[in-house]
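# Survey of secondary and tertiary structure
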Amino acid sequence: MKQRFIAVISLVCVTLAWAVYAQVPAAAKRAYPEGFISGRVLNGTNPEGGVWVIAETHETNTPFVKIVVTDEAGHFTLPQLPDATYSVWVRGYGLVDSAKVKGRPGDTNLTLAVQSAKDAREAAKVYPGDYWLSLLEPPAAGNFPGTGGVANGGNGFLPSILSQDDWMHRFKKDCNFCHQLGNQLTRTLTHMDFNKLGFKSHEDAWLYRTSLGVRGTSMAAAFLQFGGEGMAKTMANWTRAVESGAVPPAPPRPQGIERNVVVTLWDIGGPQDFMHDEIATDKNKPTVNAYGPIYAVSAGHGTINVVDPVTNDAWKVVIPTREDPRKVTTRFPPAARPSNFWGMEHLWGQEHPADPHNPMMDERGRVWSTSKIRNDEPAFCKEGSQNKYAKYYPLKNSFRQASVYDPATGKFELIDTCYSTHHLQFASDADRTLYFNELTGPIFGWVNTRRFDQTHDEQLSQGWCPQIIDTNGDGRITKPWNAADNKKPDPKLDTEVRKPLYALIPDPNDANIVWGASEGATGEERGYIVRLNRGTAPPESCISEVYRVPKGTLNPRGIDIDSQGHPWVAMAATSQWARFDRSKCARTNGPGADKGDLCAEGWTVWQTQGPRFKNTNYPTDFHYFGWVDRFNVSGLGKDTPILTGSNSDSLVALDPATGKWTYLRVPYPLGFYQRGMDGRIDDPQAGWKGRGLYANYGTHLVWHIEGGKGTTGKIVKFQIRPDPLAH
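Residues numbered from 1 in each chain as written. Predicted model: local features only at pLDDT ≥ 70, side-chain atom pairs only at ≥ 80, totals over all residues. Heavy atoms only, no water.

### A short note on the overall build of the protein
A count of helical and extended segments in the protein gives eleven helices and 43 strands. Its C-alpha atoms give the protein a radius of gyration of 25 Å, near enough to 27 Å, the size a compact globule of 727 residues would have. Referenced to the eigenvectors of the C-alpha coordinate spread, the extents of the protein come out at roughly 80 × 70 × 50 Å. Across the 727 residues that make up the protein, the buried fraction comes to 63%. The protein carries 78 positive and 77 negative side-chain charges, and their two centres are separated by 2 Å. (Helix = DSSP H or I, 4+ residues; strand = E, 2+ residues; numbered from the N terminus. Rg over C-alpha atoms; globule rule 2.2 N^0.38 Å. Buried < 20%, exposed > 50% of the residue type's maximum accessible area, 1.4 Å probe, protein only. Lys, Arg positive; Asp, Glu negative; His and termini not counted. Charge placed at Lys NZ, Arg CZ, Asp CG, Glu CD.)

### Section: the pairing of strand S39 (residues 650-655)
Burial within S39 is extensive, with five of its six residues counted as buried. Note: strand S38 (residues 640-645) against S39, four bridges, orientation antiparallel. From the neighbouring strand, Ile 642 faces S39, where its bridge partner is Ala 653. Turn length for the S38-S39 hairpin, with the two strands adjacent in sequence and antiparallel, is four residues, and the turn residue Asp 649 shows positive phi of about 55°. Across six bridges, the pairing between S39 and strand S40 (residues 660-665) is antiparallel. By the bridge assignment, Val 652 is partnered in S40 with Tyr 663. Count of turn residues in the S39/S40 antiparallel hairpin: four residues, of which Gly 659 carries a positive phi of about 80°. (Pairing = 2+ DSSP bridges.)

### So, the side chain of Thr 77
Within the secondary structure layout, Thr 77 lies in strand S8 (residues 75-81). Residue class for Thr 77 comes out buried when judged on its relative accessible area of 5%. Ignoring anything within four residues of it in the chain, the contact list for Thr 77 reads Phe 36, Ile 37, Ser 38, Val 68, Arg 721, Pro 724, Leu 725, Ala 726 and His 727. (Contact = heavy atoms within 4.5 Å.)

### Observations concerning the packing of aromatic side chains
For the structure shown, the criterion picks out 33 aromatic pairs. With a centroid separation of 4.9 Å and an interplanar angle of 35°, the aromatic rings of Tyr 405 and Phe 412 are classed as tilted. You can call Tyr 405 buried: its relative accessible area is 4%. The structure contains a cluster of three or more aromatic residues connected by ring pairs, namely Tyr 389, Tyr 419, Tyr 435, Phe 436, Trp 446 and Trp 464. Here the basic side chain of Lys 499 rests over the ring of Tyr 528, its NZ or CZ set 4.0 Å away from the ring centre. (Phe/Tyr/Trp six-rings, centres within 6.5 Å; stacked < 30°, edge-to-face > 60°. Lys NZ or Arg CZ within 6 Å of the ring centre and 35° of its normal.)

### Section: the pairing of strand S18 (residues 313-318)
In terms of burial, S18 is largely enclosed, as six of its six residues are buried. Neither face of S18 is exposed, since Asp 313, Trp 315 and Val 317 on one face and Ala 314, Lys 316 and Val 318 on the opposite face are all buried. Bridge count between strand S17 (residues 303-308) and S18: six bridges; the pairing is antiparallel. Bridge pairing links Val 306 to Trp 315 in S18. The loop that links S17 with its antiparallel partner S18 comprises four residues; one of these, Asn 312, has a positive phi angle of about 60°.

### Describing the side chain of His 169
With respect to the secondary-structure elements, His 169 resides in helix H3 (residues 164-175). Accessibility expressed as a relative area gives 3% for His 169, which makes it buried. One polar contact links the side chain of His 169 to the main-chain carbonyl oxygen of Glu 519, over a distance of 3.0 Å. His 169 has contacts with Glu 519, Gly 520, Ala 521, Glu 525, Asn 555 and Ala 573, leaving out every residue within four places of it along the chain. (Polar contact = N/O pair within 3.5 Å; in protein donor to acceptor, adjacent residues only side chain to side chain.)

### Some remarks on the nonpolar core
Counting residues in each nonpolar core, the largest one holds 76 residues, and the members touching the most others are Trp 167, Phe 171 and Phe 718. A total of six residues in this core trace back to one element, the largest contributor, which is helix H8 (residues 228-243). Judged by nonpolar contacts, the second largest core, of 57 residues, contains Ala 354, Tyr 419, Ala 427 and Tyr 528. (Core = buried A, V, L, I, M, F, W, Y, C linked by side-chain atoms within 4.5 Å.)

### Points about the state of the cysteines
In total, this model carries three disulfides according to the counting rule given. There is a disulfide in this structure between Cys 585 and Cys 599, and the S-S distance comes to 2.0 Å. As the torsion about the S-S bond is roughly -90°, the Cys 585-Cys 599 disulfide counts as left-handed. With Cys 585 in the loop between strand S35 (576-580) and strand S36 (603-607) and Cys 599 in the loop between S35 and S36, this pair connects stretches of sequence that are 14 residues apart. The exposure class of Cys 599 is buried, given its relative accessible area of 5%. Along the protein, the cysteines that take part in disulfide bonds pair up as 1-2, 3-4, 5-6, counted in sequence order. (Disulfide = S-S within 2.5 Å.)

### Here we look at the sheet that holds S39
In a beta sheet, neighbouring strands pair by backbone hydrogen bonds and run either parallel or antiparallel. With respect to topology, four strands assemble into an open sheet ordered S37-S38-S39-S40, the strand pairing being antiparallel. Lying at the two open borders of the sheet, with one neighbouring strand each, are strand S37 (626-629) and S40. Pairwise comparison of adjacent strand axes, ignoring direction, gives a mean angle of 25° for this sheet. As judged from the four bridges shared by S37 and S38, these two strands associate in the antiparallel manner. Residue pairing in the sheet places Trp 627 in a bridge with Ile 642 of S38. (Axes fitted to C-alpha atoms, helices over the stretch in contact; angles between N-to-C directions.)

### Here we look at helix H7 (residues 216-224)
Of all the positions in H7, only Gly 216, Ala 220, Ala 222 and Phe 223 are classed as buried. The arc that holds the buried residues of H7, viewed along the axis, is 165°, so those residues lie on one side. Each element contacted by the buried residues of H7 is listed here: H3, helix H6 (202-209) and H8. (Arc of directions from axis to C-beta.)

### Regarding H6
Within H6, six of the eight residues are buried, which leaves the element mostly enclosed by the surrounding structure. Turning to H6, its buried residues are His 202, Glu 203, Ala 205, Trp 206, Tyr 208 and Arg 209. In this structure, the buried side of H6 is in contact with helix H4 (184-187), helix H5 (194-197), H7 and H8. The opening residue of H6 is Ser 201, an N-cap whose side-chain oxygen sits 3.3 Å from the backbone nitrogen of Glu 203.

### Thoughts on the environment of Arg 587
By secondary structure assignment, the location of Arg 587 is in the loop between S35 and S36. Exposure remark for Arg 587: the relative accessible area of 36% places this residue in the partly exposed category. Once the C-alpha coordinates of Arg 587 and Leu 598 are considered, the two residues, eleven residues apart in sequence, prove to be 6.7 Å apart. At 2.7 Å, the side chain of Arg 587 and the backbone oxygen of Asn 589 are in polar contact. Engagement of the side chain of Arg 587 in a polar contact is seen with the backbone oxygen of Pro 591, the distance being 3.0 Å.

This is a description of form; function is not addressed.
Okay, here's the thing in structure tokens:
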């Protein structure tokens, strides 16, 4: 992989100049290649429909893969191929991977011979992780609340695990949020030496493996919160079943429009890069950055990793910190126990501690990221400051702030925010308001980027509001208010709530309105959405509303919004899309509004169709995030909601009118665990060729991807053509 690393040139207080990669040519001078390879897939003399044909090359500047699906007669066409020699082969459910055949653009009669798998176990090797996870049986509902340690006569689960819903909420939220579950590495223990490590059982191995390497401290804490003995038994029963030859049911092959999907992959980053998210364009103007680079942020290495989809180049840009990076603290501790792959190497957070989490692009093509720039909170944020927001609601600390990178100049600017930052989203207003949520805190923060560009004054340009509910029903918020969780609230006062927000999204029709998703907690597994209206004179005009997600749903995580202003919430633990229509609410404020139980009538829920955990109705897929296609980038229709199928190697699109789901599957390399997505229109007149959805392999542990240690992350592009042979 030929990759450039962009090194620092000079450093000043706020603006830092960096070496600039050659400026991307104007969009009019750039285009994707028109070369294609076509042929047919045969099993003996019989055509194979609905299987994937994969073309891979290392002759491009960064490794490149193109994947398509055969039609019913076994024909395929691999479009938009750079000039190179490819290894072309077939993967499909019910088959073994075919031999690789050499091909080049212009080859139009390539015959690929395949064979059926000899048995179900061989066929299942290429099934998505959620199918393998369906062999795991969660503890039965009767085990909860847990009764404590086995030595004391308990069942191995802690009393703090209140219900099976609580167990599933934590399992998805705390065990699935780092990496895929069900892939080869998580469903087996074959990469661990039982004899050398002295394991007597699968239970021993699970207690040990969850304490290893770069995420060992966090994994061990997550594992033990269930009760180590009970959780180890649950997971050991799963890996024992797999070891004994159990196989999951077969997934369906792609059908209908799923056969029209074209997938393109580019290698990006290095073999240790955890890249949380990517961005290709401005969410509100998807023609921005047409034919331009795709940007992904590497949390552990403090870089923006870049792929140019036209030249197939890849490079990195280091994100600076305002304080000396050697003094900036990192959230990534050293390994407590040696990794099976990297030993005691301290993989993340050492050299470049910016820890970017999420990037977004503005209408000028600049990349804004949530990133850490310093340790200590500045005085203007705190009590005693004359800053109007600090006077209204002072803040004490923030663990991550913000940065903006301009590819045209190669320069960064750093913005110190009083609130912590996690996800960020641009509103559709003249101020180009950029909203932030905190993850572990309840604050809605924002930066007026127009004002910042004019003044470069980070204090003047930012604001924030807490979550205060109009519980006295007078239509406004006034001090004093009832503190959060006040056991005897004064009904004459408004009431604070403090729902931690995982993500947020502004209303495209009113930039003062922004919605956030709160994942929930023990006893509140369903979680909430929170609405903030900043009003015309924040912070005093800020007013919030809170709504609990409907019964039968768990773990609202990703949130997006359609063109009508209806928020869509991805239910990570129960695999659903849920849409909220506030116009249906009989009441939004007044007594009890802080509890979140108003407006059950506002919800509509769509359930996915994938596999379930053994002997339960809980789906095994995990939807880290969701995205609404407001501009019909995909071609599936305006406002199509799309879930990230983080356990199913897929993006999962819903037709709300029919309830039909469409799976955009990535069969190679297995382990496509994504945390977000976006869509770009390169050329509105070019049909499917000028449009694409983008995502990336966002697992913490890149070595879990098919290929193992040495594999890098990938940028993934999806296109939907009018038929399986279009080119």
